[in-house]
Amino acid sequence: MTTTIKAYRAAILHSIADPAEVGIEQSYQYFEDGLLLVENGQISAVGHAKDLLPALASNVEVTEYRDALITPGFIDTHIHYPQTGMIAAYGEQLLDWLNTYTFPTEKQFADKAHAADVANIFLKELLRNGTTTALVFGSVHKQSVDAFFEASEALNLRMIAGKVMMDRNAPDYLTDTAQSSYADSKELIERWHGKARLHYAVTPRFAPTSTPEQLTYAGKLLQEYPGLYMHTHLSENLDEIAWVKALFPEQKGYLDVYDHFQLLSERSMFAHGVHLCDEECQRLAQTGSAIAHCPTSNLFLGSGLFNLKQAEQFKVNVGLGTDVGAGTSFSMLQTLNEAYKVQQLQRNKLNPFKSLYLATLGGARALRLEDKIGSFASGNDADFIVLDYHATPLLSYRLQQAKDVEEKLFVLMTIGDDRAIKETFAAGRSVHQRG
Ligand code: GUN
Ligand code: ZN
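Residues numbered from 1 in each chain as written. Chains lettered and ligands numbered in written order. Predicted model: local features only at pLDDT ≥ 70, side-chain atom pairs only at ≥ 80, totals over all residues. Heavy atoms only, no water.

As recorded by an unreviewed UniProt entry, the chain carries the name Guanine deaminase and is attributed to Pseudomonas cavernicola. Entered under Pathway (unreviewed entry) in the UniProt record, the comment concerning the chain runs "Purine metabolism; guanine degradation; xanthine from guanine: step 1/1." Listed in UniProt under the heading Catalytic activity (unreviewed entry), the comment for the chain reads: "guanine + H2O + H(+) = xanthine + NH4(+)". (UniProt positions renumbered as here; feature names shortened; annotations may be inferred.)

This is the structure in structure tokens:
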């Protein structure tokens, strides 16, 4: 194979550690005039342009971006692709929202052609927003996941997804059975897990919509295939929590239900975790499980305020999720804008470098993919984005007043959105250019 080297010159910023562990200053690298070298779709070096340019072969093409910032692509650790068409559905909290809007919308994914259309719209939207990896809910239909993985493979994206397992407390048209969910998941795992840059997640929707028998089958799949993910919801809404207590009276708490069925592992992602006690945080940390913090969703559905300090105190891995369609934006920048406000309401400060970490390396770590994505470590996939300092008149004017990269980053995260994403690269290939 011939080697293709490409070089990208701009300001470059990436996280290298969790600010909660090493302090803000040690958590990132920033090159004001930086160079990113990409070799056959992987990062081969990052540094100051003045250091790297002299050693570069004369035939290497250098793409230069002025007034722009290159960062790793964003990692969305919780999102539902079938809910793309029902984002911004008015007026309910979780359980009514599911019954009123979500289930009828997901019914349409029995049709593979519809699923394929939405998968393409969804992926385009992720890339427009600079998200290069996501942990994605399908619908209960296995063809919904085939459609999603086919579209992801065509773009050579690193994506994780799974078929929803749901065998009770949902309309008949949207339920499987414990046995069929096992068989369908198995078929999808055999077909997709480990193919190209794709991974499979065993996906019981949440405890109320699975029988104990189905949760047993979910645990069995995780035992049978190494490296699988487990993706579900946890402690999002107070009525939901009361319902779980009534459905599983023998378990002390919500997390104990999942624990009982052996669903906690290093590759388990629990969306929300808004109402967790200290013991639950401790158990998540012990098992290496992670929480996907989804601020826009938590505010939109009135679910509550995620306690990031508590998660940090117990060293629980945390990623950031948009949770579209309960979440109100595909933009991880806008999701960080809301994350900041969620912490403000609890009298905590979310530092912009911590935000960057949550949206990139923190997500990668929560997904055990930090040796592939989330930073510009050499050998990582070249999944990166170019942020435009002049994306809007206001952004341009506000950034003229910014004194350093920390302030620029915070402004981008507060008033930036899809318009700030000038270009998105996946495995070294440009997959989105803003018009
Ligand atoms: N809990 C169970 N299903 C869902 C869902 O689709 N969205 C959210 N936000 N929470 C859930
Ligand atoms: Zn969700």
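Back to the write-up after that little detour.
J.: Talk me through the nonpolar core; I want residue IDs and the actual numbers.
T.: Core analysis: the largest hydrophobic core is formed by 108 residues, its most contacted members being Tyr81, Phe122, Phe148 and Tyr258. A per-element tally of this core places helix 4 (residues 112–128) first, with seven residues. Sequence-distant contacts of Tyr258, defined by excluding residues within four places in its chain, comprise Phe206, Ala207, Thr232, His233, Leu234, Leu263, Leu264 and Phe270. Grouped together as the second largest cluster of nonpolar side chains are 15 residues, Tyr8, Ile70, Val386 and Phe425 included. (Core = buried A, V, L, I, M, F, W, Y, C linked by side-chain atoms within 4.5 Å. Buried < 20%, exposed > 50% of the residue type's maximum accessible area, 1.4 Å probe, protein only. Helix = DSSP H or I, 4+ residues; strand = E, 2+ residues; numbered from the N terminus. Contact = heavy atoms within 4.5 Å.)

J.: Please set out the coordination of the zinc ion (ligand 2) residue by residue, giving values where relevant.
T.: Ideal geometry at a metal centre: 109.5 degrees between donors when four sit tetrahedrally, and 90 or 180 degrees when six sit octahedrally. Each protein donor to the zinc ion (ligand 2) is listed here as His78 (NE2), His80 (NE2), His233 (NE2) and Asp323 (OD); together their distances run 2.0 to 2.3 Å. If you look at the zinc ion (ligand 2), its four donor atoms make angles of 87 to 168° with each other, and the shape they trace is irregular. Here the donor residues for the zinc ion (ligand 2) map to a single chain with the spacing H-x1-H-x152-H-x89-D. Here His80, found in strand 5 (residues 74–80), pairs with Asp323, found in the loop between strand 13 (317–320) and helix 13 (332–344); they are 243 residues apart in sequence, far enough to count as distant. For the pair formed by His80 and Asp323, the shared burial category is buried. (Donors = N, O, S within 2.8 Å, 3.2 Å for Na, K, Ca; no water. Tetrahedral: all angles 85-135°; square planar, octahedral: opposite > 155°, others 65-115°.)

J.: Requested: an account of the UniProt feature "domain: Amidohydrolase-related" (unreviewed entry) in the chain, with residues and values cited.
T.: When the UniProt feature table is mapped to this numbering, "domain: Amidohydrolase-related" (unreviewed entry) covers residues 70–431. Taken end to end, residues 70–431 comprises 43% helix and 17% strand; its first and last C-alpha atoms sit 15 Å apart.

J.: Before we move on, can you summarise the layout of surface pockets with the specific residues and values?
T.: Put simply, the largest pocket is a space of about 290 Å³. Around the largest pocket, the lining is made up of 18 residues, and of these Asp18, Glu21, Val316, Asn317 and Tyr357 lie nearest the centre. Secondary-structure elements contributing two or more residues to the lining of the largest pocket are helix 1 (19–22), helix 12 (308–313), strand 13, helix 14 (352–359) and helix 15 (361–366). Taken together, the residues of the lining of the largest pocket sort by class into eight nonpolar, two polar and eight charged. (1 Å grid on protein atoms, 1.4 Å probe; cavity = no way out; pocket = protein on both sides within 12 Å on 5 of 7 lines; lining within 4 Å. Points joined across faces, edges and corners; volume = space filled by probe spheres on them. Nonpolar A, V, L, I, M, F, W, Y, C, P; charged D, E, K, R; others polar.)

J.: So what's going on with the sheet that holds strand 2 (residues 28–39)? Residues and values would help.
T.: Here seven strands make up an open sheet; going across it, the order is 3-2-1-4-14-15-16 and the pairing mixed. Where the open sheet ends on each side, the last strands, each with one partner, are strand 3 (42–48) and strand 16 (429–433). Adjacent strand axes in the sheet meet at a mean angle of 35°, parallel and antiparallel pairs treated alike. Relative to strand 2, strand 1 (residues 5–15) runs antiparallel, the two sharing ten bridges. In the sheet register, Ser15 faces strand 2, and the bridge partner there is Tyr28. (Pairing = 2+ DSSP bridges. Axes fitted to C-alpha atoms, helices over the stretch in contact; angles between N-to-C directions.)

J.: I'd love a proper account of the pattern of salt bridges, names of residues and values included.
T.: All chains considered together, the criterion is met by 28 salt bridges. Arg9 serves as the salt-bridge partner of Asp33, at 2.8 Å between the closest nitrogen and oxygen. Within this pair, whereas Asp33 is found in strand 2, its partner Arg9 is found in strand 1, the two being separated by 24 residues in sequence. With a relative accessible area of 36%, Asp33 lands in the partly exposed category. (Salt bridge = Lys/Arg side-chain N within 4 Å of Asp/Glu carboxyl O.)

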